Amino acid sequence: MSANHADKVVALIPARSGSQRVPGKNVRRLGGHPLLAYTIAAARQSEVFDAVIVSTDSADYARLAEYYGAEVPFIRPAELAGATSPDIDWVRHALQSLTEKGRHFDCFSILRPTSPFRTAATIQRAWRMLAADPAADSLRAVEKCAQHPGKMWIARGGRLLPLLPYATTRQPWHSMPYQALPEIYVQNASLEIARRRVVQGNSIAGEVVMPFFTQGVEGLDINAPEDWWYAEHLLANGQAELPLVAQAPYENLMHAAVFAGTE
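Described below are features of the structure shown in this document.

About the thresholds
Residues numbered from 1 in each chain as written. Predicted model: local features only at pLDDT ≥ 70, side-chain atom pairs only at ≥ 80, totals over all residues. Heavy atoms only, no water. 1 Å grid on protein atoms, 1.4 Å probe; cavity = no way out; pocket = protein on both sides within 12 Å on 5 of 7 lines; lining within 4 Å. Points joined across faces, edges and corners; volume = space filled by probe spheres on them. Nonpolar A, V, L, I, M, F, W, Y, C, P; charged D, E, K, R; others polar. Buried < 20%, exposed > 50% of the residue type's maximum accessible area, 1.4 Å probe, protein only. Helix = DSSP H or I, 4+ residues; strand = E, 2+ residues; numbered from the N terminus. Pairing = 2+ DSSP bridges. Core = buried A, V, L, I, M, F, W, Y, C linked by side-chain atoms within 4.5 Å. Contact = heavy atoms within 4.5 Å. Expected span 1.5 Å × (residues − 1). Axes fitted to C-alpha atoms, helices over the stretch in contact; angles between N-to-C directions.

## Things to note about the layout of surface pockets
Point 1. Empty space within the largest pocket amounts to approximately 550 Å³.
Point 2. By residue class, the composition of the lining of the largest pocket is 9 nonpolar, 8 polar and 7 charged.

See the structure below:
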């Protein structure tokens, strides 16, 4: 696969095996294929990347990823695959491992399997934005927040304190209607693209971050059982489409329970 630009760009797809809220979510079946398959397909179809790499701590997940067309040139160490492991650790490990193999990339993108409705067109749109602004360190997917932080509180000593103690000339934010509050955006997990230089500063984002406003369901993140139900509901009602996967559904009877999401 060859990207059509001067920079060499790698897609990094994290797929650790220890999910707690939705066991086995990265390889649980949605619409016929394991969740991981759709992110691999979208990354490959975008033609943005010079390589599509899956970072996983599981040999089973690695075989599945390779079946769907990704590379797994290393297994992520267990100490970098915990529930609280920061992204910078596994990203640095991935880039260093690739460098040691003689493969250098100018930019990297984090594409999480939990956003299955992110398409090749989504990735292309994001890359065009970052490529057009060399001063930006990175680009991050965001969406308008549904729960405004201006209406959030901290409970302390039997009292409530506003999280954001701002006010207009008439009313504090917590007493204003949502429509009157300033627009605030929350990051979603669908997409990040950054220049390699940010890793030297112990960051996956750097200081100059561009907003990438996701549209519709392309920013949907599956992280809880109700999210999974909602994704299935969208598919069943024709309100969302998954990236086209060229391969036949992955079948491995020895590990069928894992890939069905029952373990």
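Resuming the write-up.
## Remarks on the pairing of strand β5 (residues 107-110)
Point 1. Taking every second residue as pointing to the same face, both faces of β5 are buried, with Cys107 and Ser109 on one and Phe108 and Ile110 on the other.
Point 2. In the sheet, strand β1 (residues 9-14) pairs with β5 via 4 bridges, with the strands oriented parallel. By the bridge assignment for β5, Ala11 is matched with Ser109.

## Considering the nonpolar core
Point 1. Counting residues in each nonpolar core, the largest one holds 49 residues, and the members touching the most others are Leu30, Leu36, Ile40, Phe49, Val54, Leu111 and Leu191.
Point 2. It is helix α1 (residues 35-46) that provides the largest number of residues to this core, a total of 8 residues.
Point 3. Sequence-distant contacts of Leu111, that is, excluding residues within four places in its chain, are made with Ala11, Leu12, Ile13, Pro14, Thr39, Ala43, Phe49, Arg118, Ile123, Ser190 and Leu191.
Point 4. Leu12, Ile53, Leu98 and Phe105 belong to the second largest nonpolar core, which has 18 residues in total.

## Quick notes on helix α3 (residues 87-100)
Point 1. A rise of 1.5 Å per residue sets the reference length of α3, with its 14 residues, at 20 Å; its end C-alpha atoms lie 20 Å apart and thus fit the reference within 8%.
Point 2. When we look at burial in α3, the residues that qualify are Ile88, Trp90, Val91, His93, Ala94, Leu95, Ser97 and Leu98.
Point 3. Next to the buried residues of α3 lie β1, β4 (51-55), β5 and α5 (197-200).

## Considering unusual backbone geometry
Point 1. Phi is positive for Glu47, close to 60°, though the residue is something other than glycine.
Point 2. In this structure, Glu47 sits in the loop between α1 and β4.
Point 3. The phi dihedral of Asn202 falls on the positive side, at around 60°, and the residue is not glycine.

## Considering the sheet that holds strand β10 (residues 209-213)
Point 1. Read across the open sheet, the 6 strands follow the order β4-β1-β5-β9-β6-β10; overall the sheet is mixed. The open sheet has two edge strands with one neighbour each: β4 and β10. With strand direction ignored, the average angle separating the axes of adjacent strands in the sheet is 30°.
Point 2. Two strands pair when backbone bridges link them, and β1 and β4 are joined in this way by 5 bridges, in the parallel orientation. Residue pairing across strands places Leu12 opposite Ile53, the latter belonging to β4.

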